[in-house]
Amino acid sequence: MNNRNILYFIIGSVILLGAQFWLSSRYAQPAPKAVATQAAPATPAPKEAAAPAPVPQSPEVKAPGGTQGADPALRHTLSSEDLTLTWQVATGALKQVLWRADGTTFFPSKFEGLGALKGGGFETVREERGDAGTAVIFENAAGDRLSYLVPTRGHRLKVEANSSRNAALHLISNPSTEEPVKGLGRVFTLTEKSVEAVTWSEMLSDPFFSFLGAKRKVLPPAAERLGMDAGVDKDATAQSNHYFAALWKLPRPAGRDASGYELLPQNGHLEAALYLGPKQAEPLLAFEKPFTEVIDYGFFGAVSHLLFWMLKKIHAVVGNWGWAIVIFTLIIRIATWTLNTKQTISMLRMKDFEPHQKALQAKYEKFGGDMTKKAEMQKELMALYKKNGHNPMGGCLPMLLQMPIFLALWSMLNNVFELRHAPFFGWITDLSARDPLFIYPVLMGASMFAQQYMTPAVGDPAQRKMMLVLMPAMMTFMFAQSPAGLTIYYFLFNMIGLAQTWWIMRSYKPEPIVL
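Values in this document were obtained by computation on a predicted structure and should not be read as measured data. (Residues numbered from 1 in each chain as written. Predicted model: local features only at pLDDT ≥ 70, side-chain atom pairs only at ≥ 80, totals over all residues. Heavy atoms only, no water.)

**A short note on the UniProt feature "transmembrane region" (unreviewed entry) in the protein**
We apply this condition: UniProt positions are given in the numbering used here, feature names are shortened, and annotations may be inferred rather than shown by experiment. To qualify as a helix, a DSSP run of H or I must reach at least 4 residues; to qualify as a strand, a run of E must reach at least 2; elements of each kind are numbered from the N terminus.
On the UniProt side, "transmembrane region" (unreviewed entry) is annotated at positions that read residues 6-23, 294-311, 323-341, 396-417 and 437-454 here. Helix makes up 95% of residues 323-341 and strand makes up 0%, while its end C-alpha atoms are separated by 26 Å.

**Describing unusual backbone geometry**
Glycine aside, the phi torsion of most residues is negative, and most peptide linkages are trans. This is how it is decided: Residue burial is assigned from relative accessible area. The probe radius is 1.4 Å, only protein chains are included, and a residue is buried under 20% of its type maximum, exposed over 50%, and partly exposed in between.
Positive phi is not limited to glycine here, since N267 has a value of about 55°. By the element assignment, N267 lies in the loop between β17 (260-263) and β18 (269-278). Note on N267: relative accessible area 82%, which makes it exposed. For H421, which is not glycine, the phi dihedral falls at a positive 65°. Assignment of secondary structure puts H421 in the loop between α8 (397-415) and α9 (439-454). Assessed through its relative accessible area of 38%, H421 is described here as partly exposed.

**A closer look at the environment of N174**
Cut-off, in case you're wondering: Any pair of nitrogen or oxygen atoms within 3.5 Å is treated as a polar contact; in protein, a donor-acceptor pairing is required on top of that, and neighbouring residues in sequence qualify only through side-chain atoms on both sides.
Along the chain, the position of N174 falls in the loop between β11 (169-173) and β12 (186-190). Using a relative accessible area of 22% as the deciding quantity, one classes N174 as partly exposed. Separated by 30 residues in sequence, N174 and L204 have C-alpha atoms that sit 9.0 Å apart. A polar contact is formed between the side chain of N174 and the backbone oxygen of A258, at a distance of 3.3 Å.

**Brief notes about a nonpolar patch on the surface**
For clarity, the threshold we go by: Only residues whose relative accessible area exceeds 30% and that take part in no salt bridge are eligible for patches, with like-charged residues grouped when within 9 Å of each other and nonpolar side chains (Val, Leu, Ile, Met, Phe, Trp, Tyr) grouped when within 5 Å. Method for areas: the Shrake-Rupley scheme with a 1.4 Å probe, in which residue coverage is limited to the protein chains shown. Salt-bridge detection follows one rule: a side-chain nitrogen of Lys or Arg within 4 Å of a carboxyl oxygen of Asp or Glu.
On the surface, V317, V318, W323, I327, I331 and F425 cluster together to form a nonpolar patch covering roughly 540 Å² of accessible area. Contributing elements (two or more residues each) for the nonpolar patch: α4 (301-318) and α5 (321-335). Relative to the elements of secondary structure, W323 occurs in helix α5.

**Examining the nonpolar core**
Quick note on the threshold: Put simply, a nonpolar core is a bunch of buried Ala, Val, Leu, Ile, Met, Phe, Trp, Tyr and Cys residues held in one set by side-chain atoms that sit within 4.5 Å of each other. The criterion used for residue contact is that any of the two residues' heavy atoms lie within 4.5 Å.
In terms of nonpolar packing, the biggest core is built from 54 residues, with F107, L114, W248 and L276 touching the most fellow members. No other element matches β18, which puts 4 residues into this core. Beyond its immediate chain neighbours, meaning those up to four positions away, F107 contacts K95, Q96, V97, L114, L184, M228, A230, V232 and A246. In terms of nonpolar packing, the next biggest core, distinct from the first, is built from 45 residues, F188, V416, M444 and L486 among them.

**Considerations on the packing of aromatic side chains**
Let me state the cut-off plainly: When two rings of Phe, Tyr or Trp (its six-membered ring) have centres within 6.5 Å they constitute a pair, described as stacked for plane angles under 30 degrees, edge-to-face for angles over 60, and tilted for the intermediate range. To sit over a ring, a charge needs its Lys NZ or Arg CZ within 6 Å of the ring centre and within 35 degrees of the ring normal.
Taken as a whole, this structure holds 25 aromatic pairs when the rule is applied. The interplanar angle of 40° and the centroid separation of 4.9 Å between the aromatic rings of F106 and F244 together place this pair among those described as tilted. Placement of F106 in the loop between β5 (104-105) and β6 (114-117) and of F244 in strand β15 (residues 244-249) is noted, with a sequence separation of 138 residues between them. The exposure class of F106 is buried, given its relative accessible area of 0%. F244 gets classed as buried once you look at its relative accessible area, which sits at 1%. For the ring pair F479 and Y490, a centre distance of 5.1 Å and an interplane angle of 20° mean the geometry is stacked. Here the residue F479 occupies a position in helix α10 (residues 461-479), and Y490 occupies one in helix α11 (residues 484-507), the gap between them amounting to 11 residues. Among the aromatic residues, ring-to-ring pairing joins W99, F106, F107, F111, F244 and F417 into one connected group. The aromatic ring of F287 is capped on one face by K249, whose charged end is 5.0 Å from the ring centroid. When the ring centre of F493 is taken as reference, the NZ or CZ atom of R333 above it lies at 4.1 Å.

And the structure:
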């Protein structure tokens, strides 16, 4: 790579980074902050899970106007041990869910709601408490009835509706604009073995290549299992990860049209199950196994599953996710020790060949750009490598073999609910969020610089000097926006690599080159 190619590389990198920020600003705008719209204030979210607020026996709210339905602004709120739920009385739609452990809201303030009965026009709402939990029941004079059975503890709600008009239950609305779902991620349907997902932005915003004929995407095909990402982070500027989900399990496939998904009753009656909780394997598995697919582990999902299984086993012993990542890093580095040793030795050996490689280049320099002579030079160089038992790709292969591990770790640490708000020590109070002081990204960049500086390399010295600064700077910038857990992993990985490289270079003895 000559200096011109280096310039092209830098310009291309700047263009790609600029495009990334431009796309982020267009398609991942900040989620609007939740605005309280209840007629009565909801139970405030404590910092720690608290017992549910006392619920009066069978309260009833009557709306003026008889069969005209309740005031659209009227809300009804119920708290369990885990959740605070808010409904719109007039439609029976679930407008908001609050995760009581830390006050995270599931939806934006303008969200249209889940589970509205079409044309219900409900006039009253009441609560009935039983052994299985508390039922919130919406009714009107026409005989329509919609109930949500909320367990005292847990995330699974039972939804039932009766309608003499055979009115459909509107499961998930497809809004006309992005505002009601701003900041939310995907809407999806699931089968036994796969998940088909599309982001709200892809459906509600013109694609980047619309000027070339690209069209907006549509809702995924209807199925018996469907849902959407949930969880609006506080003060999120460009939220990309969603740790909660709202999921429907239906007795038969839902209907789908331009307005969204709906479930038609049979003989005026329908039942469904609604999951409102974290994207966490155990509760999702208890709901139904296929729903575990909503945890997006990325392309190397199988590797991510294995690595997270290891991380959970370590956490069960040490009790802290930060220290679990430290020990996990040591295990991964030991497991790849041989590969990294071969990579470093291969690079050292390549350094030994550098004078002979330059001599060959000088020998064929007089032929200029003659491709035939260049092929002869390459053939002679490969013969020299073969005579000395050296594979010039030996330094690249170990690095390529480790890429799936790194990418799987990236996906895993970005998406697992267990690391959300998990503290380490000092200023790291949330391993799923970026380092607030940017200390670990800077340390990671410095360790990468030191490792590159120490690692033997061949080629143009000017190119090496430029890359020595450019790559650590780019990685520091990238990791400054990454989860602290991932940055800690990569920093420790580099530090162990530094020690390994130092030891190999100290003990390495060059072998003579056979000409």
